[in-house]
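Remarks on the overall topology
What follows is the residue order along each chain.
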Amino acid sequence: MPLKKSISGFRGTIGGKAGDNLTPEDIVTNVAGYGAWLLKSGAAPRVVIGRDGRPSGPVVTALTAATLQCLGIDVIDCDFATTPTVEMAVVFHQAGGGIILSASHNPKEYNALKLLNSKGEFISAIDGADLMAMAAEGDITYAQVDDLGTIIRDTTALDLHIKAVLEHPLVEVKAIRKAGFTTVLDAVNSVGAISIPPLCEALGVSCEVINGELNGQFAHNPEPQPQYLGELMEQVKKSGADLGIAVDPDVDRLALVGPGGRWIGEEYTLAAVADYVLSKDPGPVVSNLSSSRVVADVAASYGQEYQASAVGEVNVVEKMKAIGAVIGGEGNGGIIDPKLHYGRDSLIGLALVLSHMATSGKTINELRDGYPHYEMIKDKKEVDKTYDLDAAFDRVRAKFPDVKSNDIDGLKLDFPDGWVHLRASNTEPIVRVYAEAGTAARAQELADGIKVVL
């Protein structure tokens, strides 16, 4: 995959030629740009780093840490760590920023540098443009030998993260422990294997782990989609567990499986969490344009405001701050609870889902049945550098002139019985084609119709 630069950071496949993939030269160049930008901003010369389980992690970590040290920046290395753990560690250490070494849901040949500011949040588009300009210019001054940065190993970040989750005002620890839930976790052989089980143990929840070897050899496509989670669904059914838990390699996305192996789905993770949070702490709710209508329906059931942002965690966070949202996230299973931190976090997501089950006395299947039913199709069209996306969107508008549209992020068409959202991916050379309707057949029909026009 060509090296991709966006608000999601720098991402690509390992190997190949510099400038085309994520090579050592690209890693050093872009980390140097980040470090120079951080120093120019006046932030503390201290950066937290952490990685998921993929095989290239040690090499990318070494290059990243050494580059920062050569700029005179101290490095706090969390080693294996979830994305939300690194985000929170930035604040714990009062660091100037952080770099997460993970390509999220992408296969093992990928890696990425995901960049954080001093709040432990993804950097803004403006800061990203400034950073990339500095990296491209290469006008960077490195530290003298007596001013090189140090490196410190942090083995406490996850413990502090879990402690913060347990102390969250809406996490009902006693009720969860009393319920005696049993769960099955598909850790996809990454850092979910070392983060979700200790949280479950602290909550008194039994957690059986499948694909729990921390070797980055993903047992299946690491995106938490039903077509890849057959083993999890079967094990939940076989064991009689109360809940199946699926996370992606860096544990910022949470998908659920109910008793009997029923697919609940990542789109309904945010719906269930929003339902629980709004029952305790009413307020505005935010998700992105590609998220299910069910989140807006849940907000409306409590008489609360709902707004949609552009896709991307930084955009959701910006909208949440603007309207004072009490809960938000993305339909891909990303839960953002501002009482903990402004980042997608499967640990707080799971704790809030378990709190909802424990206090309501309902299974996750019963909770799911209480929400409006929608089916979503997550499709895509592969493209190359010559593809004219603007012209493609013009063709779509011309084909459906009477359909309500929104162009704050790609193009979204709101039909009376469903919607289709088209946008260029921030992480892959594709156009994402998401569609939702009351039935899978209708959602597929909407997606197929748009793809023909594309």
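The sections below set out a description of the structure shown in this document. (Residues numbered from 1 in each chain as written. Predicted model: local features only at pLDDT ≥ 70, side-chain atom pairs only at ≥ 80, totals over all residues. Heavy atoms only, no water.)

**Considering the packing of aromatic side chains**
- Summed over all chains, the structure comprises two aromatic pairs.
- The lysine or arginine in question, Lys-321, covers the ring of Tyr-342, its NZ or CZ lying 5.1 Å from the ring centre.
- It is Lys-412 that lies over the ring of Trp-419; its NZ or CZ is 4.2 Å from the centre. (Phe/Tyr/Trp six-rings, centres within 6.5 Å; stacked < 30°, edge-to-face > 60°. Lys NZ or Arg CZ within 6 Å of the ring centre and 35° of its normal.)

**Here's the deal with the environment of Val-90**
- Along the chain, the position of Val-90 falls in helix α3 (residues 83-92).
- You can call Val-90 buried: its relative accessible area is 0%.
- When the C-alpha positions of Val-90 and Ile-14 are compared, they lie 27 Å apart, and in sequence the two are 76 residues distant.
- Among residues more than four places away in sequence, those in contact with Val-90 are Val-48, Ala-95, Gly-97, Gly-98, Leu-116, Asn-117, Ser-118 and Gly-120. (Helix = DSSP H or I, 4+ residues; strand = E, 2+ residues; numbered from the N terminus. Buried < 20%, exposed > 50% of the residue type's maximum accessible area, 1.4 Å probe, protein only. Contact = heavy atoms within 4.5 Å.)

**Some points on the sheet that holds strand β19 (residues 411-415)**
- With antiparallel pairing, the five strands of this open sheet are ordered in space as β17-β21-β20-β19-β18. Where the open sheet ends on each side, the last strands, each with one partner, are β17 (375-382) and β18 (404-406). If you compare each strand with its neighbour and ignore which way they point, the axes differ by 15 degrees on average.
- Both strand β20 (residues 418-424) and strand β21 (residues 430-437) contribute to a ladder of seven bridges, which runs antiparallel. (Pairing = 2+ DSSP bridges. Axes fitted to C-alpha atoms, helices over the stretch in contact; angles between N-to-C directions.)

**Some points on the side chain of Thr-64**
- Along the chain, Thr-64 falls in helix α2 (residues 57-70).
- Assessed through its relative accessible area of 0%, Thr-64 is described here as buried.
- Each residue touching Thr-64, except ones within four places of it in the same chain, is listed here: Ile-27, Val-31, Ile-49, Ile-99, Leu-101 and Leu-113.

**Here's the deal with the sheet that holds strand β8 (residues 182-186)**
- With mixed pairing, five strands are arranged side by side in an open sheet as β9-β8-β10-β11-β12. The open sheet has two edge strands with one neighbour each: β9 (206-210) and β12 (262-263).
- Relative to strand β10 (residues 243-247), β8 is paired through four bridges, and the arrangement is parallel. Directly across from Leu-185, in β10, lies its bridge partner Ile-245.

**Quick look at the pattern of salt bridges**
- Enumeration according to the criterion identifies 22 salt bridges in this entry.
- In this structure, Asp-409 and Arg-423 form a salt bridge, with 3.3 Å as the shortest nitrogen-oxygen distance. Taken together, the residues Asp-409 in the loop between β18 and β19 and Arg-423 in strand β20 connect sequence positions 14 residues apart. No difference in accessibility class separates Asp-409 from Arg-423, as the two residues are buried.
- Salt bridges sharing partners connect three or more residues here, namely Glu-223, Arg-253, Glu-266, Glu-267 and Lys-378. (Salt bridge = Lys/Arg side-chain N within 4 Å of Asp/Glu carboxyl O.)

Read these as geometric descriptors, not functional statements.
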